[in-house]
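Coordinate inspection notes
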Amino acid sequence: MALHSDFRIRLRQNHEILARDLDARLLMDKLYAESVFTLDEMESILALPTRHEQVTQLLTQLPRKGARAFGHLLDALEEPFPDLREMLLCDVAITEDDQLQRMREILASGQVPARPEYFADRPEEVEKVRSALANLKDSDGWVVLHGMGGSGKTMLAAEALRDHELLISHFPDGIFWLTIGQIRSEDGQVDSSKLLTKMQNLITRMEHEQQERPPNIEAAHDRLVKIFAEYKRALLILDDVWSQIVARVFAVRCRCLVTSRFAGVANQTRAPHLAEIALTAGFTLDQTKQVFSHLTAIPVPELPMEAKHMHDECKGLPLAVAMLGALLKPDPKLLRWEYFLKHLQAKKISRIRSTSSESSNFDSLSASIGVSVDALAEQSVELHQFYIMFAIFDDDPVISSQVLAVLWGVSDPIDVEIKMDHVLEMSLAHKVPASRAQSRKPKLNQPTFRRSHSSTANLQHKISVTPNGATPLPTPSPTAFLNDVRNPLGRARSMSVSRFDYAHYSLHDLQLDYLKEEVVTGEKRKELHQRLIRGYAKKCEDRYHELPDDGYVHRYLAYHMLEADQGTSLCKLLTDLRWIEQKLLHCGADDLLNDYLRFLEYEKRAKLQADTDKPVGVAARRRPGRGSKPAIAKTPSRATGVEDQKVLSELKVYQRFISIQAHRLLQDPTVSIIQLALSQPKSSVVYQQAWMLAKEETVRDSAYYVRQCNAGVDVQSHQLTVRLHQEAVTSVQCCSGSLLAVSCSTDMSVRLWNRITGGMVATLEGHENYVTQCCFNPCDAVQIISSSEDNTVRVWQFDGSRMGTAEQVMECRGEGKFMCCDVAPDGDSFVAGDIPGYMKVYNIVDGRLIHNIAAHEEQIQRCVFSKDGKFIATASSDMTAKLWSTHYASLLATFTEHTGIVYGCAFSADSQRLVTCSGDTSLKVWSTQTTGGESLFTLRKGGDTLLVCTFSPDDKFILAGTVSGNVQVWDGRCYDHLYNVAAHNGWVQGLSFESDGKRFASCSDDCTCKIWALSESARRETAVYDRRLDLFVDYDTGAVTVSCLDKEKNEIVILRGEGLDVIDRHGFNSKGDAIKSFALASDLQTVAYASTEGRIQISKTSAGVRDIDAREASPEHIAAAARKEPTKAEPEAKASLRDAILCDDSTTHSGEVKIVVFSQDWPYMVAASVDGVQSVWHVKDDTAKLHFTLKKSMASHYTPFVFFKTQPWLLSLDTNGRLLVHNLEDGTEVASWSSGEGGQPLTVFVSAGDEFIAAAVGQKLNIWRAQDLAGGQSPLLVAALAGHKDVVRSSAISPDGKRVATGSDDRTIVLWDTERQYSQVKKMKIRRTLSWIIDMAFSAQSDLLVTLSDRINFWLAKDGIAIRTIHLHGAFTKYIRHDPDFTTLATVDDKGSLYLLEVVFGDEDEE
C-alpha cells in the first residue's frame, strides 16, 4: 500500500534540507533490517557516486514502500539525525484540496467502492457508523452494520469512511475493503476454496514482498494475524458477510467493520469490543427525491406526486429507489412513473428489475429479498414455514408474539420470541419498540379501561324492585358495572401482564410483498387465514368478544375472515353488539365502519360473481382503518350464503347505529353499548339484541339497564357523528373531489376527515388563536385555506397521504382578526374578511395582496365568491350585506333590510341569487342582477337567530343553521319551509353540501360535526313538548300515563302506554292564552293548566276512567302511534272534555302562572304566579274552588313549594327568601324562618318521611329538623352543606335518610352521609359537559341516584360510582319524574323530545 499523502508532502516540502544534510549510508542498514528495502535495492542506492544522489534516490523510492516506511525512517533518524526527525514530525500546512486528494488515494488504495450514481446523503446513519468506528481508535474490535437486503449497507459503510480526520487519526495504517458475498458450495455450506481465495487476495494486497500463498484457511488466518500485528491501526472492512464461519475466520485481532444481513454474524469472533448497528430505516422522502432527481434530471420541486407515492410503497428502500430511478432514467415521462407505481401498488415487485450492474448484485427486488428467505429455509425448515405465514398479514403489520403464537399453534408467546430471535438476526424482520406498538392504539377519546358483559364477581349492592306488585325477581344491580371495570374478561387470570410486555415484530413491506407474490399464494394463503381464525376461535370458544386485547385481533379479525371467504361468520361478528363494543374501544369507529364497508363490497362482488359465474378479478386493497376509501377483499371463490337482503339490511342498521352513536361510547366510560342500543326504536334489530342481552345479564349478573320505551324512528336521516375537536367547531366544508371534509375549531386546529367513516386523515396545526373558517380550493382538492383570530390566513397543502399532517405553504397576515375566508372558483385567489371590516383578496400562489377594501363599518362575519366567480358577497355586524365585483373590487349593491347582525351569506348555483341570514331571525333572498338592494323574499320560521345559510348545488334547497341547534330546510324554488332538522345541542355554525346535493354536513359549538341525508319529503312527525311533565304507573295493569304540554298546539296531552298514544287533550278555547304550567292529579281524573296571563282552568279527564292498557292497545292506537296521529276517538273525547271544566279563573292571578302542582296525599292544588300570589285550591270529586291565597310568594321555574306527606301542610317561599309553612285546611301559618344568607333559594324540598326540610341557598344546602314544627317552633338547622364552587341548583334526600345529594352549576354532584355528621362521601364530576346539574332523585330503595344535565346519569348512592348514562337528543333536560318503585322514569329535553324509560327485568317478554 502506498505511503499516505501527508507523509509524501512532508518529504516533498523538506526535500532540499534532507538532500543537503542527510547521509543515506547511516540509514540503509536500519531500513534493510525492517524490510523497507531489499538487499538489491540497498546496494543500488549506495552504488551511486555522490551522497546527494544517494539521498535523492532514497527519498524517491521511500513513498512506494507503504505506510510503515515513514515510521521506520523516523526510527532510523532518531540517533544520527534527531533534528531532521523533529522537522519531519512537525505539522504540515495541508490545504482542503490536499486532504481531499489524500482521502481519495487512501480509499482507492483500500479498494473502497466509489459513490454510486444514485447516491443520497444519509447523515444520521453515517454518523452512527463513524461514531462506532471512532471507538476502535485504541483497541481492536468489530462494528457490525446489519439490515435487510437492499437497505444500503455497503454504500453507507463506504460513505462513513469518507472522513479525512477519521482515516488519519484512527486508522493511519490504512484501510482494506474486502467483499465476501455468498460463498457457498452446492450443499449449501461455506465454500472453503472460495473463502481461501478471498483471504489470499487480502494477504497479497497487504504484504510488500511476494511470498508463497498460504495453502489452507488455517495458514491464511495465521498469516493475517501476523500482518495485522504490523498494521495494528489498520481497518478491515468485510462487506456482505453471510456466515458466522466467515466472520470467525477473519477474527485476526484487528479493527473490523462488517456489513451483513445477519445481526449476530460476529457473535463467535470473541472480539473485545463489538458494536451492532441495525439499519432499519430506508431513505427519507427528501433522500428518495434526491436520487430520483439525479437519475431523471428532473429538479426536485418538479418531480411528480408519483415520486412520493413510490417512496411510500417501498418505504424508501435504497435498492428499490435506485432500481426505480434507473428504470425511469431513459424516459422519465409521467406515464412511466404511473406504470411503475401501479406495479408497486399491485405488489408486483418482480417487475422492478435492475438495468445496470451498478444498482445491485441482483437483477430484481424479488431476487434480493428471496435469497435471505431461502437462507432461512436452509437453516430451519420449521422456522421457514412459520416465517412465510407472515404473508397473511396486511401491509405494515406490527405483530406481537401473542398473535404469532395463535397462528403458529404455539402455546407460549415466549417460545415464539425465541424462534423470532433467529429471524431478527437474519434481518428478515425487525423488532418494534414498545413505544411504537403503543402508538398504534386509537388515541381519539379512548377510554382508559375495557368493558365486558360476562361478569361473575360478587355483588354488594342490589336494587330490590317488584314491578306491578309481582313476586320479587332477580333484580338489576348497578354494581354489575363495577364488575365490568374490575374484571374485563370475567376470568380469573391476572391482568398484571400488559400486551406491551410481549415482543412486537414487523416486516418491511417489500419483504411482505415478496412472500405474497412469490411464496404464499392462492389457496395456500386462504388456508393460513383460516388457520389464524381457528386459533382465535379455539382460544375464546367462538366468543370473540371475550378475546383479550393483543393489539391485533380486534383490528384485523374482519380482514382475515374476508380473506378466508368466511362472509357468513363476519356478518355474525358485525351484528354482535358485544364484539362491536370491544372493537370500538380498541380500534375506534373509523376502523369498525370500514369493516362494514369492506363486507358490503365483498358481498356485492360475491353476488356479481354468482350471477355471472365469471371471475371478477382482484380489487385494490388498502390498510384497515386508513384513508378515504374502504379496502376491498379478494373476490370470493364462491358465494358466501349471505345474500338474503334482509340480513344485509339489518347489517346496515348496525352500521348506521355505530355511525351515529359510536362517539358517545368512546367519550364516556359510563356508556355501555347495550345501554345505547336500548335507546333505539323497538322495531330495530339493534334494540332487540340489546334487550335480550340486557335481560340475560340482569338474570346472570344482576346488571342494571334502562330501556327507552318510546324511541321513534329517525326520519331525519342522520348518517354520521364525529367528534374530532375538543372545543366548538366553527366551520365545515365537504370536498367536491373526494370523500374528505375539513373542519376547524376554537381549539386552534384544522382537521381533515373521512365523511363516510369519520376517521381523521390529517391535522393542520399552526394557528395561535381560534380558527374561524376553513375551505378547500375547488381546483385543488389537496389545498386548504383557513382563517383565524391570530390575524392570519394560512394555505395548507395535503399531500394525499393516508394519515399525517398537511404542510403550511403560505401565511398572509393582516391588521385584525380574520373571521372568514373563501377561495375563488378558478382557484387562483382567495378572499378574507376581518374584524375592522376590511375585505382582502390575495393571490393564492404567492400571497400577494390584490385588493384591500374598507368594506364595512364593523367586522365581516362572512365572505363568499359566487359560483361563476364574478361576485363577492360580504355579511357584517353592521347589519348589512354587500355585493362586490370580483375583478375591480367595486361595490355593486348594499342590502340593508336586516335589523340584526348579518351572520351569513351564500350564492345560488347559477349566481343569480344571494341568501343572507341574520340575528333578526330571518332569511332574505336577493337578486344579484339588480342594484336596488331590495329583497325578493323574506323567510322566517320561529324566533331563532340564524348563523349560517347555504344553497344546495342544484338550488332545490336552502339551509339555515340556528342558535338552538336546528337546521331549517327551505324549498329553494318556492321558498316554503319544509322542516327542521334537530341537528345539534349548540349553535349550528357551519353547513356544507356534498357535490351531488344528497347529503350535507353541519358543525356546532357542541364540538361535533354531523352528516345528514336530505329528503324533499321529510317532515318532523313527533310532537314538541315542554320540559314539564307528570308520570303515573298503574301497577295493576302496568299502564303508564304521562302528561305533557304540546308547545306547537298549545295543548295539554295525556299519553298512555309504551307507545304513548294520545288519549286526552286539554287547552284554552282562546288561542291568545298560551299555556305556561300544568299538572295532572294522581288519580288521573283532574288536570289543571294556567296561562301566561294568569288564567287557570281545572278540568275533568277521561284518563282516569278509560281502561286502556298499553299492552292491550287497539290496532288503531298502535297504527296511530307509529304515525304519531290522533285516533278517531280523540276529537270526541276532546269535545266531551270541553264540557267537563270544573273551574275557569282569570281573577286570582294577574301575572304569568309559573307553576301548578297537585298534592298526591291531600285534595289540594297550588298555583304560583309572578305577581307574588300563591293560590290554594280545594279539588275533590267534581268540584274545584279557591281555598285561600298567599301574598308575596315566590314563583320560579324551580320548586317554590312542597306538600308534606304526614301533615296537611304546605312549604313555600316568600319574595324575601323566608321559608313558610301553612296549614292547607285553614290557611294559617304554622311557622316561618329565614332560609339563610346567599340569596333566594333555588329549590326547597321535604324528605320522604317529613323528617327534614332543605333549601338550596347560594353554594350551600341548609337542612332543618322538621319535627320542631309540631310544637309551633321554627325548625333547628342541623346542617349547612358547602361543597361546591357555584350555586346549588338541585338536591335530594334518600328515602332512608342516610344520603343527601347536591348538584351544582359547577357541574359536580356531592354525596353526603347523614349518619356521619353529614360528611362528604364523594364528589362526582360529569365528563365533557357544559350543563348544570338541574334535577336529581333517589330510588325508592335509596341505593340509586339519578341526575339530570345534558344527559341522564345513574349513580350508586353508597359510593357515587357512575353505572349508566343515557344521552339526550337535546342539550339538557329539567325535570325527572318517576314512579314510586323507580322502575319507570320520564323526562323531556330542551328540544321537546319525551323519554319514557323503564328498568329492564330478566323475566319480561317483548311485546
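Everything numeric here is computed off the predicted structure, so don't read it as measured data.

Quick look at the overall build of the protein now. A tally of helices and strands in the protein yields 35 helices and 68 strands. A total of 1407 residues make up the protein; the buried ones form 60% of that total. In the protein, once contacts between residues fewer than 6 apart in sequence are set aside, the share between residues at least 24 apart is 58%. Carbon and sulfur atoms make up 48% of the accessible area of the protein, which totals about 55700 Å².

Across the sheet, which stays open at both edges, the four strands sit in the order β27-β28-β29-β30 with antiparallel pairing between neighbours. The strands lining the two open edges of the sheet, one partner per strand, are β27 (902–907) and β30 (937–940). Geometrically, the sheet is characterised by an average inter-axis angle of 20° between neighbouring strands, direction not taken into account. Judged from the four bridges that link them, strand β29 (residues 922–927) and β30 form a sheet pairing that is antiparallel. Directly across from Leu923, in β30, lies its bridge partner Leu939.

The next thing to look at is the confidence of the model for the protein. Parts of the model with low pLDDT should not have their predicted coordinates read in detail. Per-residue pLDDT for the protein has a mean of 83; in total, 85% of the residues score no lower than 70. Throughout residues 441–496 the model reports pLDDT below 50, and contacts reaching past four residues in sequence, or to other chains, amount to 147 contacts.

Attention now goes to a negative patch on the surface. On the surface, Glu34, Asp75, Glu78 and Glu79 cluster together into a patch of negative charge. Among the secondary structure elements, Asp75 is positioned in helix α6 (residues 67–77).

Working note: a packed helix pair is described by the angle between its axes plus the distance between those axes. Taken N-terminus to C-terminus, the directions of helix α12 (residues 192–206) and helix α13 (residues 217–230) make an angle of 25°; their axes are 10 Å apart at the nearest point. Considering their axes alone, α12 and α13 lie roughly parallel with respect to each other. The way α12 lies across α13 gives a crossing that is left-handed. Residues Ser192, Leu195, Leu196, Met199, Leu202, Ile203 and Met206 of α12 lie in contact with α13, whose contacting residues are Ile217, Ala220, His221, Arg223, Leu224, Ile227 and Phe228. For the contact of α12 with α13, a count of residues per class yields eleven nonpolar, two polar and one charged.

So, about helix α15 (residues 285–296). Over its twelve residues, α15 extends 16 Å from the first C-alpha to the last, a length consistent with the 16 Å expected when each residue adds 1.5 Å. Listed as buried for α15 are Gln287, Thr288, Val291, Phe292, Ser293, Leu295 and Thr296. Those residues of α15 that are buried lie in contact with α9 (123–134), α16 (305–314), α17 (318–328) and α18 (334–345). The positive-phi residue at the C-terminal boundary of α15 is Ala297, with phi of around 65°.

Turning our attention to the environment of Pro413. The residue Pro413 is located in helix α22 (residues 413–425) in this model. Its relative accessible area of 12% is what places Pro413 among the buried residues. Sequence separation of Pro413 and Ser401 is twelve residues, and the distance between their C-alpha atoms is 5.1 Å. Not counting residues up to four positions away in its chain, the partners in contact with Pro413 are Ser401, Gln402, Ala405 and Tyr502.

This part is about the nonpolar core. Ranked by size, the top nonpolar core spans 164 residues in total, and within it Phe250, Phe390 and Tyr544 carry the most contacts. The leading source of residues in this core is helix α31 (residues 645–667), at eight residues. Each residue touching Phe250, except ones within four places of it in the same chain, is listed here: Trp142, Leu178, Ile180, Leu195, Met199, Leu202, Leu224, Leu236 and Leu238. Of all hydrophobic cores here, the second largest spans 27 residues; its members include Leu133, Ala158, Leu161 and Ile175.

With respect to topology, four strands assemble into an open sheet ordered β50-β51-β52-β53, the strand pairing being antiparallel. The sheet is open, and its two edges are formed by β50 (1201–1203) and β53 (1229–1234), each paired on a single side. For this sheet, the mean inter-axis angle between neighbouring strands, taken without regard to orientation, is 15°. In this sheet, strand β52 (residues 1218–1223) lies alongside strand β51 (residues 1209–1213) in antiparallel orientation, the contact comprising five bridges. By the bridge assignment, Leu1211 is partnered in β52 with Val1221.

This brings us to unusual backbone geometry. At Asp240, a position not held by glycine, the phi torsion is positive, near 65°. Locating Asp240 in the fold gives a position in strand β3 (residues 235–241). Even without glycine at this site, Thr921 takes up a positive phi of about 75°. Secondary-structure assignment places Thr921 in the loop between β28 (913–918) and β29. Residue classification places Thr921 among the buried positions, given a relative accessible area of 13%.

Overall, the coordinates contain zero disulfides when judged by the stated rule. This cysteine, Cys1009, is not joined by any disulfide, and Cys1003 carries the nearest cysteine sulfur, 5.3 Å off. Given the relative accessible area of 3%, Cys1009 is considered buried.

Of all six residues in strand β35 (residues 988–993), five are buried, a share of seventy percent or more. In this structure, β35 lies alongside strand β36 (residues 999–1004), joined through five bridges in antiparallel fashion. Following the sheet pairing, Gly990 is matched in β36 by Cys1003. The hairpin turn running from β35 into β36, its antiparallel successor, is five residues long, and Gly997 in that turn takes a positive phi close to 75°.

Rules used throughout
Residues numbered from 1 in each chain as written. Predicted model: local features only at pLDDT ≥ 70, side-chain atom pairs only at ≥ 80, totals over all residues. Heavy atoms only, no water. Helix = DSSP H or I, 4+ residues; strand = E, 2+ residues; numbered from the N terminus. Buried < 20%, exposed > 50% of the residue type's maximum accessible area, 1.4 Å probe, protein only. Contact = heavy atoms within 4.5 Å. Areas by Shrake-Rupley, 256 points an atom, 1.4 Å probe, with all protein chains shown as cover. Pairing = 2+ DSSP bridges. Axes fitted to C-alpha atoms, helices over the stretch in contact; angles between N-to-C directions. pLDDT = per-residue confidence, 0-100. Patch = residues over 30% accessible without salt bridge, like charges linked within 9 Å, V, L, I, M, F, W, Y side chains within 5 Å. Salt bridge = Lys/Arg side-chain N within 4 Å of Asp/Glu carboxyl O. Lys, Arg positive; Asp, Glu negative; His and termini not counted. Charge placed at Lys NZ, Arg CZ, Asp CG, Glu CD. Parallel < 35°, antiparallel > 145°, perpendicular 65-115°, else oblique. Left-handed = near helix turned anticlockwise from the far one by under 90°. Nonpolar A, V, L, I, M, F, W, Y, C, P; charged D, E, K, R; others polar. Expected span 1.5 Å × (residues − 1). Core = buried A, V, L, I, M, F, W, Y, C linked by side-chain atoms within 4.5 Å. Disulfide = S-S within 2.5 Å.

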